[in-house]
Amino acid sequence: MAVRILTLVGSLRSGSHNRRLAEAAVQIAPEHVELGVYDGLGAIPFYNEDIDHEGTVPAEAVKLREAAAEADALLLVSPEYNGTIPAVLKNAIDWLSRPYGAGALSGKPVAVVGTAFGQYGGVWAQDEARKAVRIAGGVPAEDLTLSIPSSVVRFAELHPVDDAEVTEKLTGVIEGLAAKATATV
């Protein structure tokens, strides 16, 4: 049976380098891994406990929770906005953290990767994402990281799937995440 990995992209821009990195992950995923990118994070309202009750949860948040609940692990692909995690990705983590102690992230392995314009490849955002995941009940895969600096230059004319170094490291993250998911089942 295939390991199911749900990928959430922290950039809503259609041509973002992080979206392209997520596309590369789908293309290079090994046969034993079913990796899909979730579309629709931009349609989910900001988390508000007043609307998080049975019968009032927005349909977009329900869809996200269902997709995450069906996954064995999550892969977060994040740019860095002003030194931290993009609001859309933090919002998704907030929705997935509820109900407290039993949210869709609870006990699931989560890896965080990404690319950014700066020289460190978005490591601050990735650190913040892992922190939020841990608090939300997920299990951050601290040993599975990929930070790609200078995205604007590196991917100006090259898709991440065509970058041998990126695909090698991204394959390692996917394989490692699948192994962690299998170990927790």
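Preceding this section is the structure that the text describes.
Every chain is numbered independently, its residues counted from 1 as its sequence is written. Reporting in this predicted model follows two pLDDT cut-offs: at least 70 for local features of residues, and 80 or more for side-chain atom pairs to be given and counted; totals over whole chains, interfaces and linings ignore these cut-offs and use all residues. The side-chain numbers reported here are obtained from all heavy atoms of the structure, hydrogens and water having been left aside.

### A word on the overall build of the chain
Within the chain one finds six helices and five strands. Under the scheme used here, helices are H or I runs from DSSP no shorter than 4 residues and strands are E runs no shorter than 2 residues, and both carry numbers assigned from the N terminus. If you list the helices and strands of the chain from N to C, you get β-α-β-α-β-α-β-α-β-α-α. We call two residues contacting when some pair of their heavy atoms lies within 4.5 Å. A sequence separation of at least 24 residues applies to 78% of the contacts in the chain between residues at least 6 apart. Surface summary for the chain: the accessible area is close to 8900 Å², and the carbon and sulfur share equals 53%. The average position of the 15 basic charges and that of the 24 acidic charges among the side chains of the chain differ by 3 Å. Here, Shrake-Rupley sampling with a 1.4 Å probe gives the accessible areas, and only protein chains in the shown set may cover a residue. Counted as positive: Lys and Arg. Counted as negative: Asp and Glu. His and the chain ends are not counted at all. Charge coordinates come from a single atom per side chain, which is NZ of Lys, CZ of Arg, CG of Asp or CD of Glu.

### Things to note about a nonpolar patch on the surface
Nonpolar side chains collect at one region of the surface, where Phe 117, Val 152 and Val 153 lie side by side and expose about 340 Å² of accessible area between them. Tracing the backbone shows Val 152 in helix α5 (residues 151–154). Patch construction takes residues with relative accessible area above 30% that form no salt bridge. Like charges are linked within 9 Å, and nonpolar side chains (Val, Leu, Ile, Met, Phe, Trp, Tyr) are linked within 5 Å. For this document, the term salt bridge refers to a Lys or Arg side-chain nitrogen within 4 Å of an Asp or Glu carboxyl oxygen.

### Some details on the pattern of salt bridges
Under the criterion given, the structure shown has twelve salt bridges. Across the salt bridge formed by Asp 127 and Arg 130, the nearest N and O atoms sit 2.8 Å from each other. With Asp 127 and Arg 130 both in helix α4 (residues 123–135), this residue pair falls three residues apart, about one helical turn. Note on exposure labels: buried denotes an accessible area under 20% of the residue type's maximum, exposed denotes more than 50%, and partly exposed covers the range between, all computed with a 1.4 Å probe on protein chains only. With relative accessibility at 41%, the residue Asp 127 sits in the partly exposed group. Looking at Arg 130, the relative accessible area reads 8%, which means it is buried. Put simply, Lys 169 and Glu 165 hold a salt bridge, and the shortest N to O gap is 3.0 Å. Of this pair, Lys 169 and Glu 165 both sit in helix α6 (residues 164–184), four residues apart, which is roughly one turn of the helix. What makes Lys 169 partly exposed here is its relative accessible area of 43%. On the basis of relative accessibility, which here comes to 39%, the residue Glu 165 falls in the partly exposed class.

### Overview of the nonpolar core
Inside soluble globular proteins, nonpolar side chains tend to come together where they are buried. By nonpolar core is meant a set of buried Ala, Val, Leu, Ile, Met, Phe, Trp, Tyr and Cys residues that side-chain atoms within 4.5 Å join together. Judged by nonpolar contacts, the single largest core of 29 residues is most densely connected at Leu 6, Leu 8, Leu 41, Leu 64, Leu 76, Ile 93 and Leu 96. Listed by contribution, the elements that provide at least two residues to this core are β1 (3–9), α2 (59–70), β3 (73–77), α3 (87–96), β4 (109–115) and α4. Residue contributions to this core peak at six residues, all from α3. Ignoring anything within four residues of it in the chain, the contact list for Leu 76 reads Leu 8, Leu 89, Ile 93, Val 110, Ala 111, Val 112, Val 113, Ala 129 and Val 133.

### Remarks on unusual backbone geometry
Put simply, Arg 98 and Pro 99 share a cis peptide bond, and its omega is -5 degrees. Secondary-structure assignment places Pro 99 in the loop between α3 and β4. Look at Ser 150: it is not a glycine, yet its phi comes out positive at around 55 degrees.

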